[in-house]
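# Understanding the architecture of this molecule
Chain residues, written in single-letter form:
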Amino acid sequence: MNKTELITTVAQNAGLTKKDAERVLNAAFDAMTAALVAGEKVQVSGFGTFEVKEREARIGRNPHTKEAIEIPATKVPVFKASKALKDNVAK
């Protein structure tokens, strides 16, 4: 499912127009992004938790030249599914 399909599904399920559903989804995604940028966790009951983890700097290898390269430290968003979501997917 892509974003357009998600908007269509939300609009149908919530009885909204596609434009209204798109505004709602964009506002939710923007709020979640802002919270993650600020270093906060975003917990959605029954769905899961989004948070930012830090990856340490490390040494990698260029597979073509076998030369060692330094991979800098970075922050990455991670998602952990809730038990309810895991149970629903497993059915």
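Predicted model only: the values in this text are computed from it and were never measured.

## Examining the sheet that holds strand β5 (residues 74-81)
The antiparallel open sheet is built from 3 strands, whose spatial order is β1-β2-β5. Lying at the two open borders of the sheet, with one neighbouring strand each, are β1 (42-44) and β5. Across this sheet, the average inter-strand angle for adjacent strands is 25°, counted without regard to direction. The pairing of β1 with strand β2 (residues 48-55) spans 3 bridges and is antiparallel. Within β2, the residue paired with Val 44 across the bridge is Gly 48.

## Section: the packing of aromatic side chains
Applying the stated criterion to the full structure yields 3 aromatic pairs. Aromatic side chains Phe 47 and Phe 79 sit 5.4 Å apart centroid to centroid with 45° between the ring planes, which places their arrangement in the tilted category. Of this pair, Phe 47 sits in the loop between β1 and β2 while Phe 79 sits in strand β5, and the two are 32 residues apart along the sequence. Judged by its relative accessible area of 38%, Phe 79 falls in the partly exposed class.

About the cut-offs
- Residues numbered from 1 in each chain as written.
- Predicted model: local features only at pLDDT ≥ 70, side-chain atom pairs only at ≥ 80, totals over all residues.
- Heavy atoms only, no water.
- Pairing = 2+ DSSP bridges.
- Helix = DSSP H or I, 4+ residues; strand = E, 2+ residues; numbered from the N terminus.
- Axes fitted to C-alpha atoms, helices over the stretch in contact; angles between N-to-C directions.
- Phe/Tyr/Trp six-rings, centres within 6.5 Å; stacked < 30°, edge-to-face > 60°.
- Buried < 20%, exposed > 50% of the residue type's maximum accessible area, 1.4 Å probe, protein only.

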